Amino acid sequence: TYTAMAAAYNPAALANGNMLYVVWDESDTTNWQEQIRVVNYDGTSKTFIGGGGVYGINQDVSKYAEQPFLTRHSGDLFAAWRERDASSINHFRVKKYPLPPVVDSVHVPANATYISGQTLTFTVYYSKDVVISGGTPYIPITLDTGGTVNAICSGGTGRSSLTFSYTVVSGKGDTDGISVGTAF
């Protein structure tokens, strides 16, 4: 819960992975100008984005700012709002905040019976380009017989999707559908 010393108006929210971003405008109690606030919330704690929680993200905090909204484009967060000066000239302001990549979707192999030597291919689509560093990513696959095996990343670094492959081997199988892990 955020406790403001002034009124807050026009809230808008956007989810990105397990993070919630919220924007609103509120009155600055010192000079009574509207300021734009942005905060991210991970389900436990909030963090102000820009302004350090003291000031808004306005281009000019001495101007009246209102009607904020958030959008995600090319994997980044954009906050936009209208800002008006004393002569009532309107300006449209936008600020960009880079976001970490999040998984947008996962495509799995077709539902079928696979035999030894065939390859299962999984594709993980991210919100923006990802670069692999510090090891080889994998997706754990739980089988009825043979325990857990790994689909190893076989390509995609520097793009917004990664491909993972597992080649079926004799003695490892699953008759009722594989279970794919959530940690990559």
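Novice: Can you walk me through the nonpolar core in this structure?
Specialist: Side chains of a nonpolar character, in soluble globular proteins, are inclined to be buried together. Phe-122, Ile-139, Ile-141, Ala-151, Leu-162, Phe-164 and Tyr-166 are the most contacted members of the largest nonpolar core, which has 15 residues in total. At the level of secondary structure, the elements contributing two or more residues to this core comprise strand S9 (119-130), strand S10 (138-142), strand S11 (148-155) and strand S12 (159-167). Listed in part, the 14 residues of the second largest apolar core include Val-23, Ile-49, Leu-77 and Trp-81.

Novice: How should the pairing of S9 be read in this particular structure?
Specialist: In the case of a regular strand, side chains alternate between the two sheet surfaces. Bridge count between strand S8 (residues 103-107) and S9: 4 bridges; the pairing is antiparallel. Note on S9: the bridge partner recorded for Val-106 is Val-124. In this structure, S9 lies alongside S12, joined through 8 bridges in antiparallel fashion. Pairing of Phe-122 across the sheet is with Phe-164, part of S12.

Novice: Looking at this structure, I do not really get the sheet that holds strand S7 (residues 90-98). What am I missing?
Specialist: By definition, the strands of a sheet pair up through backbone hydrogen bonds, in either a parallel or an antiparallel sense. Spatially, the 3 strands line up as an open sheet ordered S5-S6-S7, and their pairing is antiparallel. In this open sheet, the two edge strands, each paired with only one partner strand, are strand S5 (64-73) and S7. Sheet twist, expressed as the average angle between the axes of neighbouring strands with direction ignored, equals 20°. Strand direction decides the pairing type here: strand S6 (residues 76-84) and S7, joined by 9 bridges, are antiparallel. Note that in S7 the partner of Trp-81 across the bridge is Arg-93.

Novice: Which parts of the structure should I look at to understand the pairing of S10?
Specialist: Covered by surrounding structure in S10 are Ile-139 and Ile-141 only, the residues Tyr-138, Pro-140 and Thr-142 on the alternate face being uncovered. Of the pairings in the sheet, the one linking S10 to S11 comprises 5 bridges and is antiparallel in character. Paired with Ile-141 across the two strands is Val-149, which belongs to S11. Here S10 folds back onto S11 in antiparallel fashion, the turn holding 5 residues, of which Gly-146 has a positive phi close to 105°.

Novice: Explain the sheet that holds S11 here, please?
Specialist: In spatial order, the strands read S8-S9-S12-S11-S10-S13; together these 6 strands make up an open sheet with antiparallel pairing. In this open sheet, the two edge strands, each paired with only one partner strand, are S8 and strand S13 (179-180).

Novice: Help me out: how do you make sense of the side chain of Glu-26 in this one?
Specialist: Along the chain, Glu-26 turns up in strand S2 (residues 19-27). Looking at Glu-26, the relative accessible area reads 4%, which means it is buried. Within the local environment of Glu-26, its side chain forms a polar contact with the side chain of Arg-37, the two groups lying 3.2 Å apart.

Novice: Any chance you could explain unusual backbone geometry here in plain terms?
Specialist: In terms of backbone geometry, most residues other than glycine have negative phi values and most peptide bonds are trans. One non-glycine residue with positive phi stands out, namely Asn-10, at about 55°. Structurally, the position occupied by Asn-10 is in strand S1 (residues 8-16).

Novice: How do you make sense of the pattern of salt bridges when you look at a structure like this?
Specialist: When the charged atoms of two side chains with opposite charge come close together, those side chains can pair. Applying the stated criterion across every chain, the model contains 7 salt bridges. The partner of Lys-128 in a salt bridge is Asp-76, with the nearest N and O atoms 2.7 Å apart. Of this pair, Lys-128 sits in strand S9 while Asp-76 sits in strand S6; the two residues are 52 residues apart in sequence, bridging distant segments of the chain. Connected through shared salt-bridge partners, Glu-66, Arg-82 and Arg-84 make up one network.

Novice: When you look at a nonpolar patch on the surface in this model, what are you seeing that I'm missing?
Specialist: There is a patch of nonpolar side chains on the surface, built from Phe-69, Phe-92 and Val-94 and spanning about 310 Å² of accessible area. Examined against the element boundaries, Phe-92 turns out to sit in strand S7.

Novice: Any chance you could explain the environment of Gln-118 here in plain terms?
Specialist: Relative to the helices and strands, Gln-118 resides in the loop between S8 and S9. Residues Gln-118 and Val-169, spaced 51 residues apart in sequence, show a C-alpha to C-alpha distance of 8.3 Å. Within the structure, Gln-118 has its side chain in polar contact with the backbone nitrogen of Ile-115 (distance 2.7 Å).

About the thresholds
- Residues numbered from 1 in each chain as written.
- Predicted model: local features only at pLDDT ≥ 70, side-chain atom pairs only at ≥ 80, totals over all residues.
- Heavy atoms only, no water.
- Core = buried A, V, L, I, M, F, W, Y, C linked by side-chain atoms within 4.5 Å.
- Buried < 20%, exposed > 50% of the residue type's maximum accessible area, 1.4 Å probe, protein only.
- Helix = DSSP H or I, 4+ residues; strand = E, 2+ residues; numbered from the N terminus.
- Pairing = 2+ DSSP bridges.
- Axes fitted to C-alpha atoms, helices over the stretch in contact; angles between N-to-C directions.
- Polar contact = N/O pair within 3.5 Å; in protein donor to acceptor, adjacent residues only side chain to side chain.
- Salt bridge = Lys/Arg side-chain N within 4 Å of Asp/Glu carboxyl O.
- Patch = residues over 30% accessible without salt bridge, like charges linked within 9 Å, V, L, I, M, F, W, Y side chains within 5 Å.
- Areas by Shrake-Rupley, 256 points an atom, 1.4 Å probe, with all protein chains shown as cover.

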